[in-house]
Amino acid sequence: MTDIIAAVEIPETAAVAEATRFLRETTNPLIFHHSRRVFLFGSLHAREFGLKPDPELLYISAMFHDTGLSVPFSDVEQRFELDSADHARTFLLDRGFPKSAADVVWTAIALHTTPEIPGRMGPETAATNYGVLTDVLGWGLDGLDGGQVEDIMTAHPREQFKKGFLQAFVDGLKNRPDTTYGTVNADVLEHFVPGFRSKTMVERVMDAPWPN
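It should be emphasised that the depicted structure is a prediction, and the values quoted were computed from it without experimental measurement. (Residues numbered from 1 in each chain as written. Predicted model: local features only at pLDDT ≥ 70, side-chain atom pairs only at ≥ 80, totals over all residues. Heavy atoms only, no water.)

## A few points about the overall build of the protein
Put simply, the rule reads: A run of H or I in DSSP becomes a helix once it reaches four residues, and a run of E becomes a strand once it reaches two; helices and strands are each numbered from the N terminus. Here the globule rule is a power law, 2.2 Å times the number of residues to the power 0.38, and the radius of gyration is based on C-alpha atoms. Relative accessible area decides the class of each residue, using a 1.4 Å probe on protein chains only: under 20% of the type maximum gives buried, over 50% gives exposed, and in between gives partly exposed. Here a residue-residue contact requires only that any non-hydrogen atoms of the pair lie within 4.5 Å. Methods summary: accessible areas were calculated by the Shrake-Rupley approach with a probe of 1.4 Å, and residue burial reflects only the protein chains presented. We score Asp and Glu as negative and Lys and Arg as positive, and we do not count His or the chain ends. Charge placement uses NZ in Lys and CZ in Arg. For Asp and Glu, CG and CD serve respectively.
What the protein contains, in helices and strands, is 10 helices and 2 strands. When the helices and strands of the protein are read in sequence order from the N terminus, they spell out β-β-α-α-α-α-α-α-α-α-α-α. Against the 2.2 N^0.38 benchmark of 17 Å for 212 residues, the protein shows a C-alpha radius of gyration of 18 Å, consistent with a compact globule. By principal-axis analysis of the C-alpha atoms, the protein measures approximately 65 × 40 × 35 Å. A burial count over the protein gives 45% of its 212 residues as buried. In the protein, 62% of the contacts between residues at least 6 apart in sequence involve partners at least 24 apart. Just so you have it, the protein exposes about 11200 Å², and 56% of that area is on carbon and sulfur atoms. Each charge sign in the protein was given a centre, from 19 positive and 30 negative side chains, and these centres are 2 Å apart.

Written as structure tokens, this is what we have:
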């Protein structure tokens, strides 16, 4: 049976089924429901703005976008967004997707926390970012159909999302705090991790190994 939530059809492909299973096995319910809501909200905004993302690639982008918080991709310390994007790229390439498709998903995930830029890029990148902004910050929520929003909340409830989501960031980043430099993630650690303060751009410039 086709899975339709808020008039958005969940793609019925092997990769979508595997991505769903991967999320269920490697993340907690809060991140799973958040990721599905990102796909649904992103799809609704795509319609609103006349964007036509590939539904399968948008779904993979949404489902993998936070995986790097709980499953680092390698021993190399890097931004969690890159861990998440690398997971998705490998997932797609291992299943025979073309490099161009893997690159689309990689970009959408790598930029999903970056302000302003995603909306100027391809439809998958823009829609992923819009979905994240809506579910995390309520961006554009007042412009969505109330009945569709209720359908999404029924299928994927928020429960104590705000508190749990921030805690997921603390848990995923507290052991690699320097990777948050220049990102919104530094704000989370500065708020919740005692004694942490991200080095500023001014300090980096002044500490650079140049005489002047």
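This is not the end of the story, as more comes after the structure.
## Focus on the environment of Ala 108
Relative to the helices and strands, Ala 108 resides in helix α5 (residues 99-110). Along the chain, Ala 108 and Glu 81 lie 27 residues apart, while their C-alpha atoms are 9.8 Å from each other. If sequence neighbours within four positions are ignored, Ala 108 has contacts with Ser 61, Glu 124, Thr 125 and Thr 128.

## Observations concerning the layout of surface pockets
Test applied: Each cavity reported here is a set of points on a 1 Å grid over the protein atoms alone in which a 1.4 Å probe fits but cannot get out, each pocket an open set with protein on both sides within 12 Å along at least five of seven lines, and each lining residue one with an atom within 4 Å of a point. Grid points are joined across faces, edges and corners, and a volume is the space filled by probe spheres set on the points. Under the grouping applied here, Gly and all other residues not named as nonpolar or charged are polar, the nonpolar ones being Ala, Val, Leu, Ile, Met, Phe, Trp, Tyr, Cys and Pro and the charged ones Asp, Glu, Lys and Arg.
Of the pockets and cavities examined, the largest pocket occupies roughly 470 Å³. Lining the largest pocket are 21 residues, and of these Val 136, Leu 137, Phe 165, Phe 169 and Val 184 sit closest to its centre. Of all the elements in the fold, those that place two or more residues in the lining of the largest pocket are α6 (123-137), α8 (161-173) and α9 (185-192). Split by residue class, the lining of the largest pocket holds 11 nonpolar, 7 polar and 3 charged.

## Section: the packing of aromatic side chains
Note the cut-off: Side-chain rings of Phe, Tyr and Trp, where Trp is taken by its six-membered ring, are said to pair if the distance between their centres is within 6.5 Å; with planes under 30 degrees apart they count as stacked, over 60 as edge-to-face, and otherwise as tilted. Either the NZ atom of lysine or the CZ atom of arginine qualifies as a charge over a ring when it sits within 6 Å of the ring centre and within 35 degrees of the ring normal.
Summed over all chains, the structure comprises 9 aromatic pairs. Between Phe 64 and Phe 91 the ring centres are 4.9 Å apart and the planes differ by 50 degrees, which places this aromatic pair in the tilted class. Here the residue Phe 64 occupies a position in helix α3 (residues 55-64), and Phe 91 occupies one in helix α4 (residues 80-94), the gap between them amounting to 27 residues. Phe 91 matches Phe 64 in its accessibility class, with the two residues each being buried. The ring of Phe 161 has Arg 37 sitting right over it, with the charged end atom 5.0 Å from the ring centre. Above the plane of the ring of Tyr 181 lies Arg 204, whose end atom (NZ or CZ) is 3.5 Å from the centre.

Everything listed here is a matter of geometry and, on its own, says nothing about what the molecule does.
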